[in-house]
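# Secondary and tertiary structure notes
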Amino acid sequence: MERGYKLKYDFDRVINRKNTDSLKWDLQKTLFGREDLIPMWVADMDFPVAQEIIDAIKERAEHPFYGYTHAGSGVKDAVVERMAKKFQWEIDPEWLVFTPGVVPALHVAVRSLTHPGDEIILQEPSYHPFFPVVKNSGCHIASNPLKLVNGHYEMDYSGLEDKFQSSSGRLPGHGRAKAIIFCNPHNPVGRLWKQDEIIKMGETVIANGGVVISDEIHCEIVFKGRKHTPFASISQEFQENSIVCMSPSKTFNLAGLEVSSIIIPNKKLRNEFLNTMGGIVPNPNLFGYTAMEAAFRYGDEWLEQVLDYLEGNLEFLTSYFEKRIPGIDVIETEGTYLAWIDCRKLGMDNKDLRTFWRDEARVAVEDGYIFGESGSGFVRMNFALPRSILEEGLKRIENAVLKL
Ligand SMILES: Cc1ncc(COP(=O)(O)O)c(C=O)c1O
């Protein structure tokens, strides 16, 4: 079938997602206690996927065998070509491991690198599933929070060095720090880490015998001409000491298909990862592979348009807060479609802030404190939705703030 259509997508169009078993739309009542909220929480987009992906899935579905499936050369080559095209990163198809999602891969990665009692470093505010990744592996979190300097997040490099020096089993029951879970672009604070920042972090971790588990699931959602650098692409040393987690799920809005590519150049680390996942974490399902290949090969026409639209939404949201909503500041989003919103000037504790967003503003957002202590007073807001609904959400927030 021919692919790579020149289609113009209309992301202003509001499509009803209710009664599709959507987590965002159909579980809102259960999770937030009311149904009349504008959903701006869980990270998927309220935009239809690229036509090429739909067609590829339909075509595969027409073949009436859905038996056990492995990652064939089609999908592997598509990932290899994507890395070369987007990041000028030459990877070997042998480095690839496919998993049904990045979060399961993080669990596997941590278990493959640690013994119970070891420490894993997190840079809070952190994507909240990182916490159970560490704890359920029997490890301890060594917390090295990001620093907020003049409205801009930075990594704390001396704190990082400290985490390695002060662990080494010195705390009762703690083994040494074995790895960091690094997130780039960073969910929730929206930083796209620059190459010199990545190098400083990576060198510190590796000099101390650690491995960088690099969650790069948002790597293609970046704004204003910025460019993502995969951690392992920086040097041979970084390549040998890292596990890079990628997926088309955020970029192409395929989260429900559960497919990710984990790139592990170091053979020993890769074998340990494969041994740890064996029999526990299955392969992705066959439609995931189909969608991944179609997205990477033919999705760029769509992606360009969606990034344009998202950038427009981000500008709209930022200027709306600046001009019309006093007391709430927006941290600059360099990557991800998640805005990190600073509500500390409202002077509310976490409980009151939660009530404010849910019952006064009637907008469903992620509470900042679930990303760690340093997220208190913030919320995370998903802006990947048609602009008219975004505007309605912002009006609700404006009215709620004015009533305070
Ligand atoms: C940083 C990060 N990692 C992982 C995930 C989820 O990955 P998956 O659905 O592939 O398990 C998300 C989803 O929002 C995310 O933001």
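Only a predicted model underlies this, so the values are computations on that prediction, with no experimental measurement involved.

## Quick word on helix H3 (residues 51-62)
- Here H3 contains twelve residues, and its C-alpha end-to-end distance of 17 Å stays within 8% of the 16 Å for a straight helix at 1.5 Å per residue.
- Taken together, the buried positions of H3 are Glu52, Ile53, Asp55 and Ala56. Buried residues of H3 fall within an arc of 165 degrees about the axis and therefore sit on the same side. Away from the buried face of H3 by more than 90 degrees, exposed residues Lys58 and Glu62 are located.
- Tucked inside the fold, the buried residues of H3 contact helix H11 (286-298).

## Side note on the packing of helix H13 (residues 350-361) against helix H14 (residues 387-402)
- Running from amino to carboxyl end, H13 crosses H14 at an angle of 110 degrees, the nearest separation of the two axes being 9 Å. Judged by the angle between their axes, H13 and H14 are roughly perpendicular. As H13 packs across H14, the resulting crossing turns out to be right-handed. Where H13 approaches H14, its residues Phe356, Trp357, Glu360 and Ala361 are matched on the opposing element by Arg396, Ile397, Ala400 and Val401.

## Notes on the domain arrangement of the chain
- Parsing the chain into structural domains produces domain 1 (23-51 + 300-402) and domain 2 (66-298).
- Computed from C-alpha coordinates alone, the two centres of domain 1 and domain 2 are separated by 25 Å.
- Carbon and sulfur atoms make up 55% of the area that domain 1 and domain 2 hide from each other, which totals about 2900 Å².
- Counting every contact that joins domain 1 to domain 2 gives five salt bridges.
- In this structure, the salt-bridge partner of Arg226 is Glu332, at a minimum N-O distance of 2.9 Å.
- If you look at where domain 1 meets domain 2, you find 17 residue pairs in polar contact (both at pLDDT 80 or more).

## Let's talk about the pairing of strand E7 (residues 177-183)
- With seven of its seven residues buried, E7 lies for the most part within the structure.
- Where E7 meets strand E8 (residues 211-215), five bridges bridge the pair, whose relative direction is parallel. When the sheet's bridge partners are listed, Ile180 is paired in E8 with Val212.
- As for the winding sense of the linkage, the β-α-β connection from E7 through helix H8 (residues 195-207) to E8 is right-handed.

## Brief notes about empty space enclosed by the protein
- Going through the model one piece at a time under the given rule, you end up with three cavities of 30 Å³ or more.
- Lining the largest cavity are Phe32, Leu37, Arg354, Trp357, Arg358, Val363, Ala364, Val365 and Asp367.
- Looking at which element gives the most residues to the lining of the largest cavity, the answer is H13, with three residues.
- Tallied by class, the residues present in the lining of the largest cavity amount to six nonpolar, no polar and three charged.
- By volume, the second largest cavity is sized at about 40 Å³.
- Lining the second largest cavity, in full, are Gln123, Ser126, Phe130, Ile181, Phe182, Cys183 and His186.

## Some details on the site of the ligand
- Neighbouring the ligand are 13 residues; Val102, Asn187, Asp215, His218 and Lys250 lie closest to it.
- The backbone of Val103 places a nitrogen or oxygen atom 2.9 Å from an oxygen atom of the ligand.
- The separation between an oxygen atom of the ligand and a polar side-chain atom of His218 is 2.7 Å.
- Relative to its free-state accessible area of 390 Å², the ligand is covered by the protein chains to the extent of 90%.
- Put simply, the ligand lies in the largest pocket.
- Ranked by the residues each element gives to the shell around the ligand, the list is headed by helix H5 (residues 102-113), at three residues.

## Things to note about the nonpolar core
- Judged by nonpolar contacts, the single largest core of 75 residues is most densely connected at Trp89, Leu310, Ile328, Trp357, Met381 and Ile397.
- Not counting chain neighbours up to four residues away, the residues in contact with Leu310 comprise Met45, Phe47, Ile221, Phe223, Tyr337, Phe383 and Ala384.
- Core analysis: the next-biggest nonpolar cluster, separate from the first, contains 29 residues, Leu113, Leu122, Phe131 and Leu269 among them.

## Some points on the side chain of Glu197
- Structurally, Glu197 can be placed in helix H8.
- A polar contact is formed between the side chain of Glu197 and the backbone nitrogen of Lys194, at a distance of 2.8 Å.

## Structural notes on the sheet that holds strand E12 (residues 338-342)
- The strand order across the open sheet built from four strands is E11-E12-E15-E14, with neighbouring strands paired in antiparallel fashion. The open sheet has two edge strands with one neighbour each: strand E11 (329-331) and strand E14 (366-367).
- As paired elements, E12 and strand E15 (residues 378-382) share five bridges and run antiparallel to each other. Paired with Leu338 across the two strands is Asn382, which belongs to E15.
- Packed on one face of the sheet, helix H12 (residues 300-324) meets E11, E12 and E15 and runs near 145 degrees to E11.

Reading the values: rules and limits
- Residues numbered from 1 in each chain as written.
- Predicted model: local features only at pLDDT ≥ 70, side-chain atom pairs only at ≥ 80, totals over all residues.
- Heavy atoms only, no water.
- Helix = DSSP H or I, 4+ residues; strand = E, 2+ residues; numbered from the N terminus.
- Expected span 1.5 Å × (residues − 1).
- Buried < 20%, exposed > 50% of the residue type's maximum accessible area, 1.4 Å probe, protein only.
- Arc of directions from axis to C-beta.
- Contact = heavy atoms within 4.5 Å.
- Axes fitted to C-alpha atoms, helices over the stretch in contact; angles between N-to-C directions.
- Parallel < 35°, antiparallel > 145°, perpendicular 65-115°, else oblique.
- Left-handed = near helix turned anticlockwise from the far one by under 90°.
- Domains from an automatic or database assignment.
- Buried area = accessible area lost by both parts, 1.4 Å probe.
- Salt bridge = Lys/Arg side-chain N within 4 Å of Asp/Glu carboxyl O.
- Polar contact = N/O pair within 3.5 Å; in protein donor to acceptor, adjacent residues only side chain to side chain.
- Pairing = 2+ DSSP bridges.
- Right-handed = clockwise from strand over helix to strand, strands pointing away.
- 1 Å grid on protein atoms, 1.4 Å probe; cavity = no way out; pocket = protein on both sides within 12 Å on 5 of 7 lines; lining within 4 Å.
- Points joined across faces, edges and corners; volume = space filled by probe spheres on them.
- Nonpolar A, V, L, I, M, F, W, Y, C, P; charged D, E, K, R; others polar.
- Near = heavy atom within 4 Å.
- Areas by Shrake-Rupley, 256 points an atom, 1.4 Å probe, with all protein chains shown as cover.
- Sits in = over half its atoms within 2 Å of the grid points.
- Core = buried A, V, L, I, M, F, W, Y, C linked by side-chain atoms within 4.5 Å.

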